[in-house]
Amino acid sequence: MTSRVALVTGGTGGIGTAICKRLAQAGHRVATNYRNEGKARAWAEAMREEGFGFTLVRGDVSSPDEAATMVRQVEEALGPIDILVNNAGITRDATFHRMSPEQWTEVINTNLNSCFNVTRAVIEGMRERKWGRIVQISSINGQKGQYGQANYAAAKAGMHGFTISLAQENAKLGITVNTVSPGYIGTDMVMAVPEPVREKIIAQIPTGRLGTPEEIAYAVAFFVAEEAAWITGANLAANGGQYMGW
Ligand code: CAA
C-alpha cells in the first residue's frame, strides 16, 4: 500500500484518537492539532506507550490563520497532506429559546467554519498532485435534528453540504470528499449528556448500545482507501440503526 500523510483535526478526542490509530495502522503518517498543551502532552505520551508516533501541532481550527499555520507545520514535518479528516467538534447544548449568541457562534466556528479553514489550506496542494481524500465527521443529529442542538445540527448538516459541493468540484482531480455521520458513541461528549436523557437515547438505538470510536474509524479508513477512488459525495451513517434515512 502507499503510505500517505494524514491530518486528523481534533485527534486527541475520543473518535479522533481511534481515527489516528487506524490510519497509522494502515501505514500512513498521521498528524493532529491541539489547543491544550498539557492534554496534548499526556495524550502523546500515552500513544507512545502504545507504540504510536503522531505529529502534534498547536492550532485552533476555528481560526483561518491558525489553521493555515498548522497545515504548513504538518507539511514541513511530514510532507504534503494527502488525507484530511475534519473531525474537530464541540457541543454547547441548549434549547434554542435559551441559546446564547456565544453558544451558537462557538459551535458554528469550531464544527463548520473549521472545515473551510483547514480544507482551504490543503486543497490547492491536493489539486496540483491530483490525489486527495477528505472526510467530514458529521453526526446523526445533522441528519435528524436533536432537541437542544440547533447549533450543532446546523453545523453538522452544513458539513455534508460542504462535502457534496467539494466532491463535484474536485472529482476530476483524483480527490474524493465524503462524510461519515456517527450516531451516539461512548465518548466524553456523549457521557456529558445527562444520564436520564442518555438512557432514553440508548433505548432508541436498535443495536441496543452506544457505538465505539473504532467503529467510526473503520468507516473513515474505508473512504480513504486507494480502492475507494470512485466513492465521492457519499454520507455513510454509522449509528447502530438509530436513523435510517437515505
Ligand atoms: N425530546 C423531548 N423533550 C425533551 C428532550 C427530547 N430529546 N430533551 C429534553 N426534553 C424536555 C425535558 O423532558 C423537559 O421537559 P419538561 O420541562 O416538560 O419536563 C424539558 O425538555 C427541559 O429539559 P431539561 O430539564 O433537560 O432542560 P435543560 O434546559 O436543563 O437541558 C437540554 C435541555 C440541553 C436539551 C438537555 O436536555 C440535554 O443536554 N439534552 C441532550 C441533548 C443531546 O442529545 N446532545 C447530544 C450530545 S452528544 C453529540 O452531540 C454527539 C453526536 O453527534 C451524536
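What you see as residue numbers is a count from 1 along each chain, following the sequence as written. The predicted nature of this model means local features are confined to residues of pLDDT at least 70 and side-chain atom pairs, given and counted, to a pLDDT of 80 or more, with totals for whole chains, interfaces and linings taken over all residues. Side-chain numbers here rest on the full set of heavy atoms in the structure, without hydrogens or water.

A. Inspection of the overall build of the chain at higher detail. Secondary structure is summarised from DSSP: a helix means a run of H or I of at least four residues, a strand means a run of E of at least two, and numbering begins at the N terminus for each. For the chain, the helix and strand inventory stands at 9 helices and 7 strands. A globule of 246 residues ought to have a C-alpha radius of gyration of about 18 Å, and the chain, at 17 Å, matches this closely. A total of 246 residues make up the chain; the buried ones form 50% of that total. Residues are treated as being in contact if the distance between any of their heavy atoms lies within 4.5 Å. For the chain, the share of sequence-separated contacts (at least 6 apart) that also reach a separation of at least 24 residues comes to 74%. Total accessible area on the chain is roughly 11800 Å²; 54% of this is exposed by carbon and sulfur atoms. Note that His is not counted, nor are the chain ends; the positive residues are Lys and Arg, and the negative ones are Asp and Glu. Note on charges: their place is set at NZ of Lys, CZ of Arg, CG of Asp or CD of Glu. Between the centroid of the 23 positive side chains of the chain and the centroid of its 23 negative side chains there is a distance of 3 Å. As a reference, a globule follows 2.2 Å times the number of residues to the power 0.38, and the radius of gyration itself is taken over C-alpha atoms. Burial classes: relative accessible area under 20% of the type maximum marks a residue as buried, over 50% as exposed, and values in between as partly exposed (1.4 Å probe, protein chains only). All accessible areas in this document rest on Shrake-Rupley with a 1.4 Å probe, and a residue is counted as covered only by the protein chains that are shown.

B. Spatial organisation of helix α4 (residues 101-129). Across its 29 residues, α4 extends 41 Å between first and last C-alpha, which sits within 8% of the 42 Å expected from 1.5 Å per residue. One fitted axis covers the seven residues ending at a residue, a second covers the seven starting there, and the bend at that residue is the angle between these axes. Remark: the principal bend of α4, roughly 45°, maps to Asn113. Directly after α4, the chain includes Lys130, whose backbone phi takes a positive value near 60°. Residue count minus one, scaled by 1.5 Å, sets the expected span of a helix.

C. Fine view of the site of the ligand. Around the ligand sit 19 residues, and of these Asp93, Ser139, Tyr147, Gln149 and Tyr152 come closest. Throughout this description, a polar contact denotes any pair of N or O atoms lying within 3.5 Å of each other; where both atoms belong to protein, one of them has to be capable of donating a hydrogen while the other can accept it, and for residues adjacent in sequence the pair is counted only when both atoms sit in side chains. Contact distances for the ligand include 3.0 Å between an oxygen atom and a side-chain N or O atom of Arg98. Take Gln149: an N or O atom from its side chain is 2.9 Å from an oxygen atom of the ligand. For the shell around the ligand, the elements supplying multiple residues, two or more each, are α7 (188-191) and α8 (195-203). One heavy atom suffices: a residue is near a molecule or strand as soon as one of its heavy atoms comes within 4 Å of it.

D. The arrangement of the state of the cysteines in detail. In this description, the term disulfide denotes a pair of cysteine sulfurs within 2.5 Å. One pass over the structure, following the stated rule, counts 0 disulfides. Here Cys20 is not disulfide-linked; the sulfur of Cys115 is the nearest cysteine sulfur, at 16 Å. Take Cys20: its relative accessible area is 0%, and that puts it in the buried class.

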